[in-house]
Every structure is written in C-alpha cells, then in structure tokens.
Amino acid sequence: MVRAVYPGSFDPVTLGHLDIIRRAARVVDELIIGVLINRDKNPMFTTQERVEMLRECVADLPNVSVETFDGLTVDFTRSHDAKIIIRGLRAITDFESEMQIAQTNRIADPNIDTMFFTTSLQYAYLSSTIVKEMAHYGSDVSKFVPQNVAERLEQKRLEKKV
Ligand code: ADP
C-alpha cells in the first residue's frame, strides 16, 4: 500500500497541478492532496474555496482525497502514515528551491522520500500567480485552469477581489 501526499497552496489549482495529480494517482495507491493553510498570508481564495475547487476537480479519481494542513509537510505526511511527498518540477528555476525543501525534509524524517514529476511541456511556465495576474485583467484563463476555477476567478474579478 503506497500512500503519498501532494502539498501546496493551490491558490488556485491549475491544469499544471492537475496534470501532476493525475499522473501521481496512477503510480501510488492513495494520494492525499494537502492544502496549506497559512503560508501565504494573503491568498486570493480562502482555504475552504481552494479545497472545494480541488475536490470538484478530482471527483473522478477514487484514490485521491483533499485535506487542509498547517505546519510542516513532514508532520502532515507522517500523520497520514505516508512515506512519499509528491512535488512537481517545472522550469529549471524550480529545481534549486525544490532540492532545498526535499533535502531539509529528508533530514527532518529520513523515512519520507520526495518523488518529483516533471511537468508536461504545455504547463512548464504555468503558475497560480500568472493565472491570477491574467484574471485580474479579464484575460481568458480557460487554457490554464479547469472550468470551475475559471468561473470562480471571473466571480472574484467581478467582486474586484482579483
Ligand atoms: P507552493 O506554494 O508550495 O509552490 P503550489 O501550489 O504553487 O505550492 O505548487 C505545489 C506543487 O506543484 C509544487 O511542487 C510546484 O512545483 C508544483 N506545480 C505548480 N505549478 C505546476 C505546473 N504548472 N506544472 C507542474 N507542477 C507544478
């Protein structure tokens, strides 16, 4: 039984994240997505909204669940008796910070390993930040996020919260 966690802010979830989720869900038995509560003090979407969007997106994946967590990823991983942390690697710029996080986590708990998935090429330069920037200017984001997220971004724009 291989259980893994995929931690992140997901503010909001993009097609890049979903690509990693779908591919990871094929190689592990159970995947728990961990939505970080407090890292970014000023997220666009509340934790609840980020969880709802993710749950809608993974409804067709029976071995994937979504939870929130606060604190260290290794503690969250351990609390679920998981041994693997999933991360996505986009451009080369992700490499250094992801290595630093992975090495620190390995020192914190040598029983937990990080598994990297390289992004599919069409999402290599996609980030939640870019999506929010585009939504702010009313640009079409439907190539970068699923439909439910595009609708929520539009709603935020109309409420002038983007
Ligand atoms: P964080 O704030 O921890 O970077 P994110 O939600 O932005 O949280 O990202 C979570 C994980 O998903 C990270 O490993 C990140 O590299 C990866 N990721 C983000 N965007 C993409 C993408 N477009 N393609 C592949 N992986 C991605």
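Preceding this section is the structure that the text describes.
This text gives an overview of the structure that appears in the document. Quick caveat: nothing in here was measured; it's all calculated off a predicted structure.

## So, the pattern of salt bridges
In this structure the tally under the stated criterion is 14 salt bridges. For the salt bridge of Asp60 with Arg22, the shortest nitrogen-to-oxygen distance reads 3.3 Å. Of this pair, Asp60 sits in the loop between helix H2 (47–57) and strand E3 (64–69) while Arg22 sits in helix H1 (residues 15–27), placing them 38 residues apart in sequence. Across the pair Arg152 and Glu56 runs a salt bridge whose closest N-O atoms are separated by 3.3 Å. One end of the pair, Arg152, is in helix H6 (residues 147–158); the other, Glu56, is in helix H2, with 96 residues separating them in the sequence. The class of Arg152 is buried, set by a relative accessible area of 18%.

## Description of the site of the ligand
Around the ligand, the surrounding shell holds 17 residues, and the nearest of these are Tyr6, Ser9, Phe10, Gly88 and Tyr123. Within the contact set of the ligand, an oxygen atom lies 3.2 Å away from a side-chain nitrogen or oxygen of His17. Glu98 places a side-chain nitrogen or oxygen 3.4 Å from an oxygen atom of the ligand. Starting from 540 Å² of accessible surface for the ligand in isolation, the protein chains cover 90%. Contributing elements (two or more residues each) for the shell around the ligand: strand E1 (3–8), H1, strand E4 (84–89) and helix H4 (92–108). Class assignment of the residues belonging to the shell around the ligand gives a composition of six nonpolar, six polar and five charged.

## Comments concerning the pairing of E1
Burial analysis of E1 places five of its six residues in the buried class, the great majority of the element. Judged from the six bridges that link them, E1 and strand E2 (residues 30–36) form a sheet pairing that is parallel. Bridged to Pro7 within E2 is Gly34. Handedness of the crossover is the feature at issue here: the chain leaves E1, passes through H1, returns alongside E2, and the resulting connection is right-handed. Of the pairings in the sheet, the one linking E1 to E4 comprises two bridges and is parallel in character. Looking at the pairing, Ala4 lines up with Ile84 of E4.

Rules and cut-offs
- Numbering of residues begins from 1 in every chain and follows the order in which that chain's sequence is written.
- Reporting of local features is limited, given that this is a predicted model, to residues whose pLDDT is at least 70; pairs of side-chain atoms are given and counted only at 80 or more, and all residues count toward the totals for whole chains, interfaces and linings.
- Side-chain numbers here rest on the full set of heavy atoms in the structure, without hydrogens or water.
- Here a salt bridge means any side-chain nitrogen of Lys or Arg lying within 4 Å of a carboxyl oxygen belonging to Asp or Glu.
- In DSSP terms, a helix is any run of H or I states spanning at least four residues, a strand is any run of E spanning at least two, and both are numbered starting from the N terminus.
- When a residue's accessible area, from a 1.4 Å probe over protein chains only, is under 20% of the maximum for its type it is buried; when over 50% it is exposed; and in between it is partly exposed.
- A cutoff of 4 Å decides nearness: a residue is near a molecule or strand if any of its heavy atoms lies inside that distance of it.
- Contacts described as polar in this section are N or O atom pairs within 3.5 Å, which, within protein, must combine one atom able to donate a hydrogen with one able to accept it, while residues neighboring in sequence count only if both atoms come from side chains.
- In this description, accessible areas are obtained by the Shrake-Rupley approach with a 1.4 Å probe, and a residue is regarded as covered only by the protein chains that are shown.
- Amino acid classes used here: Ala, Val, Leu, Ile, Met, Phe, Trp, Tyr, Cys and Pro are nonpolar; Asp, Glu, Lys and Arg are charged; the rest, including Gly, are polar.
- A pair of strands is considered paired only if DSSP assigns at least 2 bridges between the two.
- Handedness of a crossover: with both strands directed away from the viewer, a clockwise path from the first strand across the helix to the second marks it as right-handed.

On their own, these measurements won't tell you what the molecule is for.
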